[in-house]
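Read off the chains here:
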Amino acid sequence: MRLCINAIFIMALSSTLHAQQFNIKGIVKDATTKERMLSTTVYLESVKDSTLITYSITNEDGVFNLSGNTAYERVNFIASFQGYKNYSFLMSLEERRDIDLGVIDLSSDIESLNSVLITARKAPITVKKDTLEFNAKSFNTKADATLEDVLKELPGVEIDKDGKITVNGKEVSKILVNGKEFFGDDPQIALKNLPKEIIDKIQVTESKTDAQKATGEAGDANASEINITIDEDKNKGWFSRLTAGGGTDERYSTSGIVNYFNNDFKLSVLGSSNNINSPGFSFDEIYDAMGGSAYSISRSSNGSFGINGQNFGGSSGITSSDSAGINLSKDWGEKVGVSMNYFYGGNDTRSASDSRRETFLPDRTFITESSNRGDRAGDSHRISGRIEVKPDTLTSFNISPTINISDNFSDNTSSSKSSDDRGNTINDVTTSSISNSDNQSLGANFNFSRNTKEKGTYFGFYGNVNRDKNNSQSDFNSIIIRYDSLGNPETPDIQDQLIDTKSESNSFSVTPYLNKKLTDALGLSVNYNVETGNQKNKRSLFDRDGSGSLLFNNLLSNDYEVKNSQQRPSLGLRYDKGGFRFDLSGGIIHQTLESEDVLLDTRFDKEFTDPYLRANVNYKFGKFGRAYINYSNSINIPSVRQLQPVEDRTNPQNIVVGNPDLDASQQHNVYFNLSRYDWEKGSGFYSGGGFTYTDNSVAAITTTDVDLIRKTTYTNIDGVYNGYLYTSFSKTWKKDGREIGFDFGIDGNLSLNKGFTNASAFQSESYSISPELTFEYSLKDYIDVELEYEVTANRTQFDIATITEQEFVNQRVAIDITTSWPKHIILGMRGEYNKFGNISGDFDDDSFVLIGSLGYKFAKDKATVKLKAYDILNQIIDTRRLITDDFVSDTSSLVLQQYFMLSCTFKISKFGGKDPNENEGF
């Protein structure tokens, strides 16, 4: 690693010596009105290949300042603003590097200004009122780049190894393609599969609901969404990619995607099959289809993943999966648009885990060592769609139906042994369960909006309807052996049961609203939310006698129905002027709950009435600064299980009885975000945090007898809270194809929990702080290097005499190297070392995971063959420590380990009547 860092330093120093600093300033005005122009994009390009060197945005006084360094002696200077003709000329940096261009006049007419050439070149960045727009072709990426590669080059955009996208600290909730969802609202398929060559613009906006989009109202200032527009020349054609590979230990992976575009009609088909814990739809040049841990070789290397609402794997294990999907959309002019998705997922997961758990009671402790083995398999079908209708310019309606159907099977066995702090055995428990279930879910979201002819006044309604139906049948067997004070086993307690469960739920929600503009800056909103639902659950439990006959168990069965309703009238005010926006809304929430158990002949009703309040402030300062703060309260009613005053003996080791006198919990939530990313200097920061305080939190009161049989009920407690803070600062230096950057961030968490252990009240305070430093270096078309170091310190304090303070530190060091030299050869290597603090001596507490890939491109880069190596040193582990209010547990789980795989990737495309693969010998 030291040799790599030295080489990087030498290359960085060499590039710095050859580059020279420059500074260019000026003012942009309207050629007709002579008014200074805000948010004009000003940038420099290389003459040779139009490579973007640097760019800037004019401030409110029309002033810009382009600074940086480059070895180029002649560059293209361009000034661009929407609705005006671009202003550009050839600039020489050979003789002087401090240049004052004075006043630049932009005109809406085509004209010749001395030697100035007016062109239609696209600016790299365009700033609109609530949209940040990037020209994808202005940002350099590798030759075979995807949307993910382009986003990583954009200022202020970060993508972590799990695919989470943030823009200046705000998470991206969805990615749209030409304004339409691409395989639902999951961004991962678009992120990994859309090639750069078809992308025209990348538009970043505040995340908006359908009503906000229809009316032009401002959206959620704390979340973003990205819309990808397809290049007009590429909006008629198709592209496809296929990968197939096989490896050691009978590992295999195949996947493919075909996309067809024909102006207003789009069709995409994809499919995959593998046994390496991978969704199978990523075509990363280096590590595609290498399994879930290939992108996150860390404490959570556990083999689970999800895509488009379908989950594969679980908390641990090795998954074989088969997937297929189709996405299509069609527009009929501006008035009607339809889109549809179908996604199939089949999976089979093998899991295994061993754990050691120490439980703390006020007067004693006990230790439980357990082992779990299981297999889960299932098939799922997800169908979703969207219909948008705009009969006129003032009216819009849309509906998004969803259908989910799944069948699942599981076979699980477990064994555990509990002993006291002197090592004396208290009990042995073995269980087995074989279950089958089928689930159906139907639902739809809908929205209607109508603008009036009075500016700023509109009305409408939005809501949803859902129906869920679940049936399951389980063969359950358990044997509990208790030991007396002398260590002698008592008569085993055996359960041999058939459990049949049927449940059905229906819900409906609608919110009519009216928004009216009182002045240019002040608006009024009125809405009335109505929700209603009911849930039926029938659990029939049968005991098997010695002859195999089934006997109905009335005590462990139930047949209940729950009806709930909510009404929430509210009134709101919004002030929006300049860079300042303030929203305030409040009202009353009235909730009712009715429950009846036919089998046990019990019934209870509850009502809750509480205030409702929302407030947020959004402020923009300067060209780059954003500040946001939000307050909200939420009212959560207890669950039926927590309220129902009858014994639930489903788990013979934990008998539960509800408390009908419980109150609804009240949460107070505060969130803030502060960010400033300076595109001109390539540096910026973002910070944020949140705090939640809860009164009437529902807590379990558990008593444990000498045989470790627990009895649980519930009560309300006050004063529970949790909070978090994060901050990050990044800086990037770019010059002529070279880039150096670093990012330093700190995350912190704190919480105060209250509860009961063996009926005695206690509380615990937890703190953690996690600083992380990242260094990146890239040399265009040659090498990319990323170094990371993270340390996490954890501390938990208890007021229970039997438990000591828990304090430990986890550390992570990672390096990621990619080279693209010599030509057609791609080499990638990723390594990560983890050291886990305070892990029990029975489990591994560190690992060094190394993966690699060596690829060769041929047939004009349309085909690639790769040799991929996963967990080269065979050290990957899944060891976790969990600390709760009254126990600490260490767990080690089965994970995907070392394999080697040879794969081939092919891509074929055709756009605008031209076949890029023609005459290529492919």
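Residues numbered from 1 in each chain as written. Predicted model: local features only at pLDDT ≥ 70, side-chain atom pairs only at ≥ 80, totals over all residues. Heavy atoms only, no water.

Caption draft 1: Structural view of the overall build of the protein chain. Along the backbone of the protein chain there are five helices and 51 strands. Looking at the protein chain alone, contacts between residues at least 24 apart form 64% of all its contacts between residues at least 6 apart. On the protein chain, roughly 43,100 Å² of surface is accessible, and the fraction owed to carbon and sulfur atoms is 52%. (Helix = DSSP H or I, 4+ residues; strand = E, 2+ residues; numbered from the N terminus. Contact = heavy atoms within 4.5 Å. Areas by Shrake-Rupley, 256 points an atom, 1.4 Å probe, with all protein chains shown as cover.)

Caption draft 2: Structural context of the sheet that holds strand β7 (residues 98-106). Strands sit in the order β4-β1-β7 across an open sheet of three strands; the sheet is mixed. Bordering the open sheet on either side are β4 (63-70) and β7, each of which pairs with just one other strand. Adjacent strand axes in the sheet meet at a mean angle of 20°, parallel and antiparallel pairs treated alike. One ladder, built from seven bridges, connects strand β1 (residues 20-30) with β7; its direction is parallel. Bridging from a neighbouring strand, Ile-27 pairs with Val-103 of β7. (Pairing = 2+ DSSP bridges. Axes fitted to C-alpha atoms, helices over the stretch in contact; angles between N-to-C directions.)

Caption draft 3: Focus on the pattern of salt bridges. This structure, assessed with the given rule, holds 22 salt bridges. Arg-544 is the partner of Asp-475 in a salt bridge, and the nearest nitrogen-oxygen pair spans 2.5 Å. Highlighted residues: Asp-475 in strand β27 (residues 458-482) and Arg-544 in strand β29 (residues 522-544), separated in sequence by 69 residues. By relative accessible area, which is 33% here, Asp-475 ends up partly exposed. With a relative accessible area of 29%, Arg-544 lands in the partly exposed category. For Arg-603, the salt bridge is made with Glu-594, and the minimal N-O distance between the two is 3.9 Å. Using a relative accessible area of 34% as the deciding quantity, one classes Glu-594 as partly exposed. Among the charged side chains, a salt-bridge network with shared partners connects Glu-772, Glu-788, Glu-790, Arg-812 and Glu-832. (Salt bridge = Lys/Arg side-chain N within 4 Å of Asp/Glu carboxyl O. Buried < 20%, exposed > 50% of the residue type's maximum accessible area, 1.4 Å probe, protein only.)

Caption draft 4: Local environment of unusual backbone geometry. Cis geometry marks the peptide bond from Trp-821 to Pro-822, where omega comes out at 0°. Residue placement: Pro-822 occurs in the loop between β45 (806-819) and β46 (825-835). Phi at Ala-859 is positive, roughly 55°, even though this residue is not glycine. Judged by relative accessible area, Ala-859 falls into the buried class, the value being 16%.

Caption draft 5: Highlighting the environment of Asp-878. Checked against the element boundaries, Asp-878 lands in the loop between β48 (863-870) and β49 (879-883). Owing to a relative accessible area of 1%, Asp-878 belongs among the buried residues under this scheme. Counting along the chain gives 17 residues from Asp-878 to Val-895, while the straight-line C-alpha distance between them is 6.6 Å.

Caption draft 6: Up close: the nonpolar core. Within the largest apolar cluster, 41 residues are counted, with the highest numbers of intra-cluster contacts made by Leu-151, Ile-165, Ile-202 and Ile-226. Of all hydrophobic cores here, the second largest spans 18 residues; its members include Phe-22, Val-42, Leu-93 and Ile-99. (Core = buried A, V, L, I, M, F, W, Y, C linked by side-chain atoms within 4.5 Å.)

Caption draft 7: Up close: the side chain of Gln-642. By secondary structure assignment, the location of Gln-642 is in helix α5 (residues 640-643). Polar contacts involving the side chain of Gln-642 include one to the main-chain amide nitrogen of Ser-639, which spans 3.0 Å. (Polar contact = N/O pair within 3.5 Å; in protein donor to acceptor, adjacent residues only side chain to side chain.)

Caption draft 8: Representation of the pairing of strand β25 (residues 395-420) within the structure. Bridge analysis of strand β24 (residues 365-392) against β25 gives 23 bridges, and the strand direction is antiparallel. Paired with Ala-377 across the bridge in β25 is Phe-409. The antiparallel pairing of β24 with β25 creates a hairpin that spans two residues between the two strands. Bridge count for β25 against strand β26 (residues 425-451) is 25 bridges, and the pairing is antiparallel. Among the inter-strand pairings, Thr-395 is bridged to a residue of β26, identified as Arg-450. Here β25 folds back onto β26, and the loop between the two strands holds four residues, one of which, Gly-423, carries a positive phi near 90°.

Caption draft 9: How the structure looks around the packing of aromatic side chains. In total, this model carries 21 aromatic pairs according to the counting rule given. The rings of Phe-64, Phe-77, Tyr-87 and Phe-89 are connected pair by pair, giving a single aromatic cluster. For Lys-330, the ring lying beneath its charged end belongs to Trp-332, and the centroid distance is 5.8 Å. The residue whose ring lies beneath Arg-568 is Tyr-612, and the NZ or CZ to ring-centre distance is 4.6 Å. (Phe/Tyr/Trp six-rings, centres within 6.5 Å; stacked < 30°, edge-to-face > 60°. Lys NZ or Arg CZ within 6 Å of the ring centre and 35° of its normal.)

Caption draft 10: Broad picture of the pairing of β24. Of the pairings in the sheet, the one linking strand β23 (residues 336-360) to β24 comprises 25 bridges and is antiparallel in character. Counterpart to Thr-359 in the pairing with β24 is Phe-366. As consecutive antiparallel partners, β23 and β24 are separated by four residues.

Caption draft 11: Layout of a nonpolar patch on the surface. On the surface, a cluster of nonpolar side chains totalling about 660 Å² of accessible area is made up of Leu-674, Phe-685, Phe-729, Trp-733, Phe-742, Phe-744, Leu-773 and Phe-775. The set of elements that each furnish at least two residues to the nonpolar patch consists of β41 (720-735), β42 (738-757) and β43 (760-779). Taking the relative accessible area as the measure of exposure, Leu-674 reaches 31% and is therefore partly exposed. (Patch = residues over 30% accessible without salt bridge, like charges linked within 9 Å, V, L, I, M, F, W, Y side chains within 5 Å.)

Caption draft 12: Representation of the confidence of the model for the protein chain in the model. In this model, the protein chain carries a mean pLDDT of 83, and residues with pLDDT of at least 70 account for 87%. Contacts from residues 915-922, a stretch scored under 50 in pLDDT, to residues over four places away or in other chains number 18 contacts. (pLDDT = per-residue confidence, 0-100.)

Caption draft 13: Here's a closer look at the environment of Gly-246. For Gly-246, the location among the structural elements is in strand β17 (residues 236-247). The class for Gly-246 is partly exposed, based on a relative accessible area of 38%. For Gly-246 and Phe-900, which are 654 residues apart along the polypeptide, the C-alpha to C-alpha distance reads 8.4 Å. Non-local contacts of Gly-246, meaning those with residues more than four positions away in its chain, are made with Arg-251, Tyr-252, Phe-900, Met-901 and Leu-902.

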